[in-house]
Amino acid sequence: MFDIFTLITILALTHLLSTTSLAVVWYVNKSMPGVREWTIGRLLGTIAMIVVAMRVHIPLEWSVIVGTGLLMIGYYVLLIGFRNFMGRRPYSRTPFILLFIVFVLLMSYFVIPENNLPARATLATVYTLLYSLLVVRSVWPRKNEGVRISCKLMAGLFALHGVFYLVILILSLADLIGSNFMESSLGTQSILIEGIAFSVLTGMTYITMTTEHLQQDLKRQATIDPLTGTYNRRAF
């Protein structure tokens, strides 16, 4: 099994590669909704992983607080991107700001006054699970929405991601009452390996979603008259 630093490095590189691909899509199709937020969100996730990977060179509190904080912000930006892509009204920022403040305060407490890894893992898991559920709710297509297959695939990936973190949450709670799974290298390795697979699969699905969106847009332009908004002769 790979060591923790190697797995974090692989995860950061896979995130960086998919972010670069999204950045190219954003540059070529600046009018496409959601892609900018996806790029920024993935970039924040990449920076967060680099910060976590540097925990042997920087103080632990900086690595944990800054790294997990950037990761949570990245999740929120991704969520905004999904809702923009689907043409849905964004969530109010106030609850997320309050949740982020509570997250940072609790994470700070569990790393500075009380160095409690199971408590930190439980906290991060709860927030990751919450964001995964919100993404599934935001990206699952409705009947009148054109982009469907790739969105269902993305929703399925985040649903599986949520199920994985639900299991991790149960194990983290077990650690609080005496188990040692999350404190073991196996627990960390499991999370990182799932993260690598999740990063690769979602990275490909982002590109699939943008491709399907472009195909739907071209089909609409080919069949709808731009002046009247009705079907043209190609549609008939």
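The text that follows walks through the structure, step by step, so that each part is easy to find. Since the structure is predicted, the reported quantities are computational estimates derived from the model, not experimental observations.

1. Looking at the nonpolar core
Formed by 34 residues in total, the largest nonpolar core has its most connected members in Trp38, Phe82, Tyr131, Val139, Met154, Tyr206 and Met209. Contributing elements (two or more residues each) for this core: helix H1 (4-28), helix H2 (35-53), helix H3 (60-85), helix H4 (93-109), helix H5 (117-139), helix H6 (149-176) and helix H7 (185-223). For this core, the element with the most residues is H3, which contributes nine residues. Counting residues in hydrophobic clusters, the runner-up holds nine residues, among them Ile4, Leu7, Ala12 and Met49.

2. A short note on the packing of aromatic side chains
For the coordinates displayed, the defined rule picks out 13 aromatic pairs. On the basis of an interplanar angle of 40° and a centroid distance of 4.8 Å, the ring pair of Tyr76 and Phe96 is categorised as tilted. Placement of Tyr76 in helix H3 and of Phe96 in helix H4 is noted, with a sequence separation of 20 residues between them. When its relative accessible area of 16% is taken as the criterion, Tyr76 is described as buried.

3. Examining the packing of H3 against H5
Each packed pair of helices is defined by two parameters, the angle between the axes and the distance between the axes. Between H3 and H5, the shortest axis-to-axis distance is 9 Å and the interhelical angle comes to 10°. Classified by the angle their axes make, H3 and H5 are roughly parallel. Facing Val64, Met72, Tyr75, Tyr76, Leu79, Phe82 and Arg83 of H3, the residues of H5 in contact are Arg120, Tyr127, Thr128, Tyr131, Leu134, Val135, Arg137, Ser138 and Val139. Taken together, the residues of the contact of H3 with H5 break down into eleven nonpolar, two polar and three charged.

Criteria and thresholds
Residues numbered from 1 in each chain as written. Predicted model: local features only at pLDDT ≥ 70, side-chain atom pairs only at ≥ 80, totals over all residues. Heavy atoms only, no water. Core = buried A, V, L, I, M, F, W, Y, C linked by side-chain atoms within 4.5 Å. Buried < 20%, exposed > 50% of the residue type's maximum accessible area, 1.4 Å probe, protein only. Helix = DSSP H or I, 4+ residues; strand = E, 2+ residues; numbered from the N terminus. Phe/Tyr/Trp six-rings, centres within 6.5 Å; stacked < 30°, edge-to-face > 60°. Axes fitted to C-alpha atoms, helices over the stretch in contact; angles between N-to-C directions. Parallel < 35°, antiparallel > 145°, perpendicular 65-115°, else oblique. Contact = heavy atoms within 4.5 Å. Nonpolar A, V, L, I, M, F, W, Y, C, P; charged D, E, K, R; others polar.

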